[in-house]
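# Observations on the three-dimensional arrangement
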Amino acid sequence: MSIVSFGVNAQGADVWYFGENAGLDFTSNPPTVIAGITGVDGSAGLMEMAATISDDDGNFLFAVSGNDIYSADLAKRGSTHSSDNAGETSQGAMIIPVPGTTDEYYVTTVPYGTTPCNSGSPGFTRVKVNGITGNNITIVSETTLPTSNIAHGQMIIPKTDAITGEVLDEFWLYHHERNSNNFFRYSIENGGIVFDQAIDGGGPSFNQTQCADAYPNVINFMKSNGCYNQFVIGNGDNVYMFDIDASTGDINYQNSAGPITQAYGIEFSASGKNVFVSTGTTGGLSPRPIYKIPVSPGGLTGSSLGSPTQIGTMSVQRAGGM
C-alpha cells in the first residue's frame, strides 16, 4: 500500500483500505480494524495496488484498491488509468493533492504490462472531491504519460525553494526505466503532470530477469526519507541509496547494501537513521528474514548505507510491502 501525507494534511493517512475487505483506522490507539472494500478487481487475487486519502479532519475521502477507484461509501466509481492487470503492480498507485486546490487530487498509476518484458505507459487520473459521504467524487480526466517501459514503483516528493528551503505546493514524481539506470522525472503542477527529463542516476541498471517466465515487469520499491534528502530503492537482492535535491529534482547515486535475498518492502524509521527491508517476492521457504540497514549521515553531504543486520523473521512464504 502507498500512503502519502503532508504537514498541511496531518490526518490525511488516518484511514487505510487495501486488498479485499481489509481496513485500519488510526484515529484510535492502537489502530482499529475496520470493514474494508469488497468485490475488488485484482488480477489473480493479488490486489497489490492500493492507496487511500482522508481530509484534514481524518474523514475518509476515496481509495484505490486493485484496478478501481472507490468513493466515501466504498462503491466503485471508475477504474485507474492503468488497468492491464495493474492490481498486481507493487507500489502502483499514489494519491497527491493537485497544487493550488483544496478539493482535487491526482491518482498516479504504474502499469503492470501485458506481455513478457513489455509494459505500457504510466498515467494519472484527476479526481474532484465533493463532500465526505456517499458518492463524493467525480473523475475529471485521465491522462497517459509519455514514458513507457518502466519498472514497478514510483515516488513523489515535495519541491523546495532553492534559497529558503521552504516546502512548495508542487511535487516531483519519479519512475525508473527498465533495463537501464535512467529515472524519468515529472513535475506535478496544477495544470497536470509534466514530463521534465530522463536522468542518469549513476546507479545500477534494473534489468528484467524473468522474461522466460512471462512476467512482464521488474519489481522495485522506492521510498524517500522524511528526515533527510535521500531515498532508497530495493531491487533484486540489494538496496540502493540516492541523494536528492528537492529544489532541482536532481539525484545522485551513493552506494548499495546487500545481499538481501529477494529484497521487497522498504521503509525508513521515524528518525530517518535506519531502513527496514522485508524479503521474499516469490514463493519459497518460510520463515522470511527482516533486515535493518543503518543510514549515515543523510542528506546532500553524501549518504551511505551500512551493513544489513537481520532483526527478525516472518512466518510466511511471500513478503508484503512495508
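Just so you know, these numbers come straight off a predicted model, no measurement behind them.

Quick notes on the rules
- Residues numbered from 1 in each chain as written.
- Predicted model: local features only at pLDDT ≥ 70, side-chain atom pairs only at ≥ 80, totals over all residues.
- Heavy atoms only, no water.
- Buried < 20%, exposed > 50% of the residue type's maximum accessible area, 1.4 Å probe, protein only.
- Helix = DSSP H or I, 4+ residues; strand = E, 2+ residues; numbered from the N terminus.
- Pairing = 2+ DSSP bridges.
- pLDDT = per-residue confidence, 0-100.
- Phe/Tyr/Trp six-rings, centres within 6.5 Å; stacked < 30°, edge-to-face > 60°.
- Lys NZ or Arg CZ within 6 Å of the ring centre and 35° of its normal.
- Contact = heavy atoms within 4.5 Å.

Bringing the pairing of strand S20 (residues 263-268) into the picture now. Most of S20 sits inside the fold, with five of its six residues counted as buried. Across four bridges, the pairing between S20 and strand S21 (residues 274-279) is antiparallel. Residue pairing in the sheet places Glu267 in a bridge with Phe276 of S21. The hairpin formed by S20 and S21 contains five residues between the paired strands, and Gly272 there has a positive phi angle of roughly 80 degrees.

Moving on, we get to the confidence of the model for the protein chain. Caution applies to low-pLDDT parts of the model: their predicted coordinates are not meant to be read in detail. On average, the protein chain scores 86 in pLDDT, and the residues at 70 or more come to 88%. Looking across the protein chain, the model is least confident in strand S17 (residues 230-235), with a mean pLDDT of 90, and most confident in strand S3 (residues 32-34), with 97.

Before going further, it helps to spend a moment on the packing of aromatic side chains. Here the structure, examined in full by the defined rule, presents 13 aromatic pairs. A cation over an aromatic ring shows up here: Lys159 above the ring of Trp172, its NZ or CZ 4.4 Å from the ring centre. The side chain of Arg185 reaches across the aromatic face of Trp172, ending 5.1 Å from its centre.

On to the environment of His176. By secondary structure assignment, the location of His176 is in strand S13 (residues 167-176). For His176, a relative accessible area of 1% gives the class buried. Each C-alpha atom of the pair His176 and Asn220 lies 8.9 Å from the other, and the pair is 44 residues apart in sequence. Excluding its chain neighbours within four sequence positions, the residues that come into contact with His176 are Ile150, Ala151, Asn181, Asn182, Phe183, Pro204, Phe206, Met222 and Ile233.

Let us now look at the environment of Thr102. Here Thr102 lies in the loop between strand S8 (93-97) and strand S9 (104-109). On the basis of relative accessibility, which here comes to 78%, the residue Thr102 falls in the exposed class. For the pair Thr102 and Asp55, spaced 47 residues apart in the sequence, the C-alpha separation amounts to 9.5 Å.

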